[in-house]
Amino acid sequence: MLLEVPRPNIREFDFIVIGSGVAGLFTALHLTDHGKVAVITKDRLTESNTEYAQGGIAVALHEDDNPRDHERDTLIAGAGLCDLEAVRTLTVEGPDSVRELMRLGMRFDRSAGELVYGREAAHGVRRILHASGDETGHEVERALSRRTAVHPAIEVFEHTLLTDLLVVEGRCVGVDALALPDSERVRFVAPVTILATGGLGQAYSITTNPLVTTGDGMAAAWRAGCRLRDMEFVQFHPTALFHEGSPKFLISEAMRGEGAILRSEDGEHFMPALHPQGDLAPRDIVARAVVAQMRKDGTDHVLLDFSPIPRERFLSRFPGIVGELAHRGFDIYQERIPVCPAAHYFMGGVATDISTRTDLPGLLAVGECTSLGVHGANRLASNSLLDGLVFGLRAANLAPRLPKLSYELLGVATQMTPPPVRCAPVAVHGHLRRLMQDYAGVERDGESLAEAQQVVGDWCRQLATVPSASRSEVEAANLLTVSRLIIEGALARTESRGAHFRTDYPEIDDTWRRAQVYQADADGGPVITYIDIADDGV
Ligand code: SIN
């Protein structure tokens, strides 16, 4: 049956940026000398994962630090799956991109005029720049969104939801979207589209990620035939506040960097016996240790003890966390705080090269929605905002040099009937979140993954195509699409590495020193191929 899809409003630009976190806005602001830029975001301009980032930005700027040491820490955390060239790009280009962020108005914390560096897990030195103590992401969004909102070369489309990439003759020529809340069709046409749509934490019932993180860009790229990569690697943060509701409030790792320690329900300080770096062991190790401790104690949380942090330091360094905990009724000087692991960051995403090119000409991708091996199997703390800056600048350098649209292509792009929208019943999202949490969470095994594969595969086959849909219905469909790939990848990878832990294959296996790359077959199901990872010398 042919669906009557309404004609969209058409808007033409030189560049389309989808997403308004650090990667999207940094890219957009650096394109403004080259033409008209559309920034499309499905919520308010400032609503993104970036807004909630607490820890900071890891960068080798201090005179006692250097990019090689930062590279080494990143490679070690990445557990043998990092692409050395990508990591080197991140750490070497990091300092200049952070200086550029400061030029745009970012105010990092300083003492006597000098930048102050914090410490986080698995960093050999203090190298984390932060702002307003623990509100770094908010300050990044403030600085970038303020400029974006008033820039004459940028038009911002808030509450506008990407549905599909517009592909003509094998090239991305723009996007189809829905203007919310009425879900009216709108089409954006441009020679270059840049995906900066962020992660997919909302695939899990326990996550630190805000409601906007539903894998929209990854799902759209997948439908358009792009390869995705490293989908089995979901990073769980060990210390989200244990409370009702979602998302969970993050308790920054920087607190452990300043001395806070994890204790069991009966007070045991359990990390030192498990890893030489104790409470500052890599994030995956601490998350699994917390899960093991919860299982041992029969609890759904462990306790974070702030008492080793001096009170004055506490207030100046963590005003946001102190305020939020007080608001929730915790007396942080008297009590230990209940915490649990939560889905926090996604190492997988749209496969790109180090210039941010995807498989589709005319489509670039930056930030958390991408995967190029820069984080390997496990991202080093506070490398994500840096990733958005470094590769955002790279995209902004490349985009103006890509071919323009021919008159004929422009004609087809504006005339083509939009495809129907993919949607799923909103109730499926609730079931999916619980299933992913239980079957594809901090620990996985073959049996439960196979069960999840069956269930989510069936849900995916039942996705409806309709002329238009609500935001929640589109998001549910996108989450199903990306969750299916997480499950497939986790099932295929019969070893444990970085953030992927299989209880039935608990050891690292060197024959698995390769990235999994996913391509859609004719039915939309994944075919997995591999990229062998060269020895990175660690
Ligand atoms: C944190 O503040 O613990 C999170 C930092 C990060 O995810 O990089």
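Residues numbered from 1 in each chain as written. Predicted model: local features only at pLDDT ≥ 70, side-chain atom pairs only at ≥ 80, totals over all residues. Heavy atoms only, no water.

## Structural notes on the pattern of salt bridges
Part 1 of the reasoning: In the structure shown here, the tally under the stated rule is 37 salt bridges.
Part 2 of the reasoning: Asp96 serves as the salt-bridge partner of Arg99, at 2.6 Å between the closest nitrogen and oxygen. Here Arg99 and its partner Asp96 are both found in helix 3 (residues 84-103), 3 residues apart, which amounts to about one turn of the helix.
Part 3 of the reasoning: Residue Asp96 is classed as exposed on the basis of its relative accessible area, which comes to 54%.
Part 4 of the reasoning: Glu232 is the partner of Arg493 in a salt bridge, and the nearest nitrogen-oxygen pair spans 2.7 Å. Note that Arg493 is positioned in the loop between helix 14 (471-492) and strand 24 (514-520) and Glu232 in the loop between strand 14 (228-229) and strand 15 (234-241), a separation of 261 residues in sequence. (Salt bridge = Lys/Arg side-chain N within 4 Å of Asp/Glu carboxyl O. Helix = DSSP H or I, 4+ residues; strand = E, 2+ residues; numbered from the N terminus. Buried < 20%, exposed > 50% of the residue type's maximum accessible area, 1.4 Å probe, protein only.)

## Notes on the pairing of strand 25 (residues 526-532)
Part 1 of the reasoning: With 7 bridges connecting them, strand 24 and strand 25 associate as antiparallel partners. Among the inter-strand pairings, Ala515 is bridged to a residue of strand 25, identified as Ile531.
Part 2 of the reasoning: Counting the residues between successive antiparallel strands, the hairpin from strand 24 to strand 25 contains 5 residues, one of them, Gly524, with a positive phi of roughly 85 degrees. (Pairing = 2+ DSSP bridges.)

## Here's the deal with unusual backbone geometry
Part 1 of the reasoning: Leu180 connects to Pro181 through a cis peptide bond whose omega is 5 degrees.
Part 2 of the reasoning: Its place among the elements puts Pro181 in the loop between strand 11 (171-179) and strand 12 (184-189).
Part 3 of the reasoning: In this structure, Pro247 follows Ser246 across a cis peptide bond, with omega equal to -5 degrees.
Part 4 of the reasoning: As for its position among the elements, Pro247 is in the loop between strand 15 and helix 6 (254-257).

## Here we look at the site of the ligand
Part 1 of the reasoning: The environment of the ligand is formed by Gln54, Gly55, Glu120, His237, Leu250, Ser252, Glu253, Arg283, His344, Arg379, Ala381 and Ser382.
Part 2 of the reasoning: Between an oxygen atom of the ligand and a side-chain N or O atom of Arg283, the distance comes to 2.9 Å.
Part 3 of the reasoning: Here the ligand loses 95% of its free accessible area of 260 Å² to cover by the protein chains.
Part 4 of the reasoning: Taken together, the residues of the shell around the ligand break down into 2 nonpolar, 6 polar and 4 charged. (Near = heavy atom within 4 Å. Polar contact = N/O pair within 3.5 Å; in protein donor to acceptor, adjacent residues only side chain to side chain. Areas by Shrake-Rupley, 256 points an atom, 1.4 Å probe, with all protein chains shown as cover. Nonpolar A, V, L, I, M, F, W, Y, C, P; charged D, E, K, R; others polar.)

## A word on the sheet that holds strand 21 (residues 370-371)
Part 1 of the reasoning: Taken together, 5 strands build an open sheet; the order of strands is 21-19-14-24-25 and the sheet is mixed. Of all the strands in the sheet, just strand 21 and strand 25 have a single pairing partner and so form its edges.
Part 2 of the reasoning: Sitting on the sheet, helix 5 (residues 216-223) is in contact with strand 14, strand 19 (349-351), strand 24 and strand 25, with an inclination near 40 degrees to strand 19.
Part 3 of the reasoning: Across the sheet, helix 14 touches strand 14, strand 24 and strand 25, and the angle it forms with strand 25 is around 55 degrees. (Contact = heavy atoms within 4.5 Å. Axes fitted to C-alpha atoms, helices over the stretch in contact; angles between N-to-C directions.)

## Topic: helix 9 (residues 319-327)
Part 1 of the reasoning: What helix 9 keeps buried is the set Gly320, Ile321, Val322 and Leu325.
Part 2 of the reasoning: On the buried face of helix 9, the contacting elements are strand 15, helix 6, helix 8 (311-317) and strand 18 (337-346).

## Looking at the side chain of Asn209
Part 1 of the reasoning: Mapping Asn209 onto the fold places it in the loop between strand 13 (192-195) and helix 5.
Part 2 of the reasoning: Among all residues touching Asn209, those that are not within four sequence positions of it are Asn49, Gly201, Gln202, Pro247, Ala343 and His344.

## Structural notes on the packing of helix 1 (residues 22-29) against helix 4 (residues 136-150)
Part 1 of the reasoning: Viewed as axis vectors pointing N to C, helix 1 and helix 4 meet at an angle of 40 degrees, and their least axial separation amounts to 10 Å. At the point where helix 1 passes helix 4, the crossing takes the left-handed sense. Residues Val22, Leu25, Phe26 and Leu29 of helix 1 form the contact with helix 4, whose participating residues are Val140, Glu141, Leu144, Ser145, Arg147 and Thr148.
Part 2 of the reasoning: Looking at the contact of helix 1 with helix 4 residue by residue, the class counts come to 6 nonpolar, 2 polar and 2 charged. (Left-handed = near helix turned anticlockwise from the far one by under 90°.)

## Description of helix 10 (residues 384-398)
Part 1 of the reasoning: Along its 15 residues, helix 10 runs 21 Å from first to last C-alpha, staying within 8% of the 21 Å computed at 1.5 Å per residue.
Part 2 of the reasoning: Counting buried positions along helix 10 yields 11 of 15 residues, so the element is predominantly enclosed.
Part 3 of the reasoning: Every buried residue belonging to helix 10 is among Leu385, Leu386, Asp387, Gly388, Leu389, Val390, Phe391, Gly392, Ala395, Ala396 and Leu398, and all of these are buried. (Expected span 1.5 Å × (residues − 1).)

## Re the nonpolar core
Part 1 of the reasoning: Counting residues in each nonpolar core, the largest one holds 60 residues, and the members touching the most others are Leu165, Phe188, Leu195, Tyr204, Met218 and Leu480.
Part 2 of the reasoning: The dominant element in this core, judged by the number of residues it contributes, is helix 14, at 9 residues.
Part 3 of the reasoning: Dropping the residues within four chain positions of it, Met218 is found in contact with Thr197, Gly198, Gly199, Leu200, Leu228, Met231, Phe346, Gly349, Val350, Glu368, Cys369 and Val482. (Core = buried A, V, L, I, M, F, W, Y, C linked by side-chain atoms within 4.5 Å.)

## Here's the deal with the side chain of Ser483
Part 1 of the reasoning: Inspection of the secondary structure assignment puts Ser483 in helix 14.
Part 2 of the reasoning: By relative accessible area, Ser483 is classed as buried at 0%.
Part 3 of the reasoning: If sequence neighbours within four positions are ignored, Ser483 has contacts with Ala203, Leu432 and Met436.

## A short note on the packing of helix 1 against helix 10
Part 1 of the reasoning: Following both chains from N to C, one finds helix 1 and helix 10 inclined at 30 degrees, their axes separated by 8 Å at the closest point. The angle between the axes of helix 1 and helix 10 places the two elements in the roughly parallel class. Taken as a pair, helix 1 and helix 10 cross one another with a handedness that is right-handed. Each of Val22, Ala23, Phe26 and Thr27 in helix 1 lies in contact with helix 10, whose residues at this interface are Leu385, Gly388, Leu389, Gly392, Leu393, Ala395 and Ala396.
Part 2 of the reasoning: The residue inventory of the contact of helix 1 with helix 10, partitioned by class, reads 8 nonpolar, 3 polar and no charged. (Parallel < 35°, antiparallel > 145°, perpendicular 65-115°, else oblique.)

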